Number of protein chains: 2
Amino acid sequence: MGLKSHNAAFCAPCFLKFFRRQVEKGIKSQNMFTKDERILVAVSGGKDSLSLLLELKEMGYNASGLFIDLAIAESSTPARLLVENFCAMHNLELRVLELAREGIPIPEVKKTLRRPICSVCGRIKRHYFNRCAIEGGYAVMATGHNLDDEVARLFSNVLRWDESYLATQGPVLREKDRLARKVKPLWRLTEFETANYAFLRGIPHHWSPCPYSEGASFSVLKKQMNGLEKIMPGRKIDFYQGFLARGRDAFARTARERALLTCPGCGMPTSSSDLCGVCRLKRLMGVSL
Amino acid sequence: MGLKSHNAAFCAPCFLKFFRRQVEKGIKSQNMFTKDERILVAVSGGKDSLSLLLELKEMGYNASGLFIDLAIAESSTPARLLVENFCAMHNLELRVLELAREGIPIPEVKKTLRRPICSVCGRIKRHYFNRCAIEGGYAVMATGHNLDDEVARLFSNVLRWDESYLATQGPVLREKDRLARKVKPLWRLTEFETANYAFLRGIPHHWSPCPYSEGASFSVLKKQMNGLEKIMPGRKIDFYQGFLARGRDAFARTARERALLTCPGCGMPTSSSDLCGVCRLKRLMGVSL
């Protein structure tokens, strides 16, 4: 397997070593977490998050998975089955949170709001991911975002010159009040590399796309950046690391800190002066808080 | 002619009106210059700079052209002929500066340095462009850079997170000491639009590429940005205007002002504590300063 950006080619065992070194470097260089800290990994059923959970565990980190069951029959059911089987097979600890039990299964939310719900669904997942971490006493939550995800997001933020996102984007978002630390340990690895890892480790690639998703809006940006990468190998990681070293600070210097309040419904942090977004949704749907 | 980013389509006379409005808006919104100021337009023989000179003149601005004859037989000779004919035909004032007379014709420079000379040639052109403006009493120098040029340059600066370029890039660079104001009045117009203007105005598109050039390094970046523009019309101008409104300041706040000294050879500003780059080159080539 040839990796132009690293000017190297690997056989399978050496690729797995290379992969681990990149994860280790991604963690250490950013002071993400130590072996003493408990890590909650958000697993969706996709290859990236399962790869991350497996790799962290095998590296000796204290990691366990969290699957949020959105109650979407077409996608949540097969994804949950896949995640449960995978974790059982590899002896990985897994917690499952069911939105149906919380009174806000996504199909019902969709019916109530009658509009595209990707952003609401994202907000709900972030809320419970953080809440599970805080209430479960985890030091840090980890997601499987890879270099391509991060570079596409950065490109999107730059195209819009979104100052507040540019001030905070990165592989680590430090904890604050009742917001747990958030990390992306795969940030140094491309989609191609994580896919290759997943393939070599026998991680099933079967994946049922969400029936409500309009298709990933980042795919165009990923395609453009991969076009550049082909001509100038190493461009993606340079762009991202250059941003971390020189770009982000320029925006962070003047970014206003958003004041966070406490939601009277769930006790989690919110920028709203009343209920947080999830509790407002619950109230709208007649669910007791 | 359809312009998706403006959600409009034009017949030829209306396109020319649209073009003029965009130039006017580009000038006024950036306080580039007034009708009282003398403007020196760098003309290379390419369609953009000739379009700019013609349009400024017809808009009633006090503009004249400057052609720098690099003494490259294959490209300078036909370009100079084209420029001289065009200016004579349209009654446009033109100055010609000959590098051969200065003792540094580019083919000789190339022989002396024996390496790619694009950056040296660019430095020489910028030097004489500024010197002609200052010594000729012009308030401002103008170049024919269009939106695609500017967006590709911005993209390149962002990919490298080059803080000093990001702090200063823009359609106007204000005068300072003996550096004349530099402006790019076509910054709101795409390459497609300036080409269309040139076609409608009968500006000859014959153009002999420089035999020493390795091909434009920006063409890859232009291609990527045009790929995005196709899918998201208006993205290019939004990216550039967003940078001017929100991006540039973030970098300008901490940019260190480069101290400029005066070259003892030519009296022009230089960051060197000795001779400026052009005078050093002359000395190297045995030309008296």
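All values derive from a computational prediction rather than experimental measurement.

Cut-offs applied
- Residues numbered from 1 in each chain as written.
- Chains lettered and ligands numbered in written order.
- Predicted model: local features only at pLDDT ≥ 70, side-chain atom pairs only at ≥ 80, totals over all residues.
- Heavy atoms only, no water.
- Salt bridge = Lys/Arg side-chain N within 4 Å of Asp/Glu carboxyl O.
- Helix = DSSP H or I, 4+ residues; strand = E, 2+ residues; numbered from the N terminus.
- Buried < 20%, exposed > 50% of the residue type's maximum accessible area, 1.4 Å probe, protein only.
- Contact = heavy atoms within 4.5 Å.
- Buried area = accessible area lost by both parts, 1.4 Å probe.
- Polar contact = N/O pair within 3.5 Å; in protein donor to acceptor, adjacent residues only side chain to side chain.
- Nonpolar A, V, L, I, M, F, W, Y, C, P; charged D, E, K, R; others polar.
- Disulfide = S-S within 2.5 Å.
- Phe/Tyr/Trp six-rings, centres within 6.5 Å; stacked < 30°, edge-to-face > 60°.
- Lys NZ or Arg CZ within 6 Å of the ring centre and 35° of its normal.

Draft legend 1. Highlighting the pattern of salt bridges. Across all of its chains, the model carries 40 salt bridges over all chains by this definition. The residue Asp274 of chain A makes a salt bridge to Arg283 of chain A at a minimum N-O spacing of 3.8 Å. Notably, a salt bridge pairs Glu55 of chain B with Arg20 of chain B, separated by 2.7 Å at the nearest N-O pair. With Glu55 of chain B in helix H2 (residues 47–58) and Arg20 of chain B in helix H1 (residues 12–29), this residue pair connects regions lying 35 residues apart in the sequence. Glu55 of chain B gets classed as buried once you look at its relative accessible area, which sits at 2%.

Draft legend 2. Just the interface of chain A and chain B, in detail. Each partner contributes to the interface: chain A provides 26 residues, whereas chain B provides 26 residues. Regarding the contact of chain A and chain B, the summed buried area is about 2,400 Å², with carbon and sulfur atoms giving 70% of it. For the chain A face of the interface with chain B, the top three residues by lost area are Leu159, Trp161 and Arg246 of chain A, together amounting to 30%. Run the count over chain A and chain B and you get zero salt bridges. There are six residue pairs in polar contact (both at pLDDT 80 or more) connecting chain A and chain B. Of all the secondary-structure elements, those providing two or more residues to the side of chain A that touches chain B are helix H6 (147–159), helix H9 (219–231) and helix H10 (235–252) of chain A. Class assignment for the residues of the side of chain A that touches chain B results in 15 nonpolar, five polar and six charged.

Draft legend 3. Inspection of the state of the cysteines at higher detail. This structure, assessed with the given rule, holds zero disulfides over all chains. Free cysteine: Cys132 of chain B, not disulfide-bonded; nearest cysteine sulfur from Cys266 of chain B at 12 Å.

Draft legend 4. Inspection of the packing of aromatic side chains at higher detail. Applying the stated criterion to the full structure yields 22 aromatic pairs over all chains. Summarising the aromatic geometry, the rings of Phe10 of chain A and Phe15 of chain A are spaced 6.5 Å apart at their centres and angled 65 degrees between planes, so their arrangement reads as edge-to-face. When sorted by exposure, Phe10 of chain A lands in the same class as Phe15 of chain A, which is buried. Relative to Phe18 of chain B, the ring of Phe15 of chain B has its centre 5.8 Å away and its plane inclined at 40 degrees; by these criteria the two rings are tilted. Pair noted here: Phe15 of chain B and Phe18 of chain B are both in helix H1, with a separation of three residues, about one helical turn. Note on Phe18 of chain B: relative accessible area 2%, which makes it buried. One aromatic cluster is present, built from ring pairs that chain together Trp161, Phe239, Phe243 and Phe251 of chain A together with Trp161, Phe239, Phe243 and Phe251 of chain B. Above the plane of the ring of Trp187 of chain A lies Arg188 of chain A, whose end atom (NZ or CZ) is 5.5 Å from the centre. Seen from the ring of Tyr138 of chain B, Arg38 of chain B lies directly overhead, with NZ or CZ sitting 4.0 Å from the centre.

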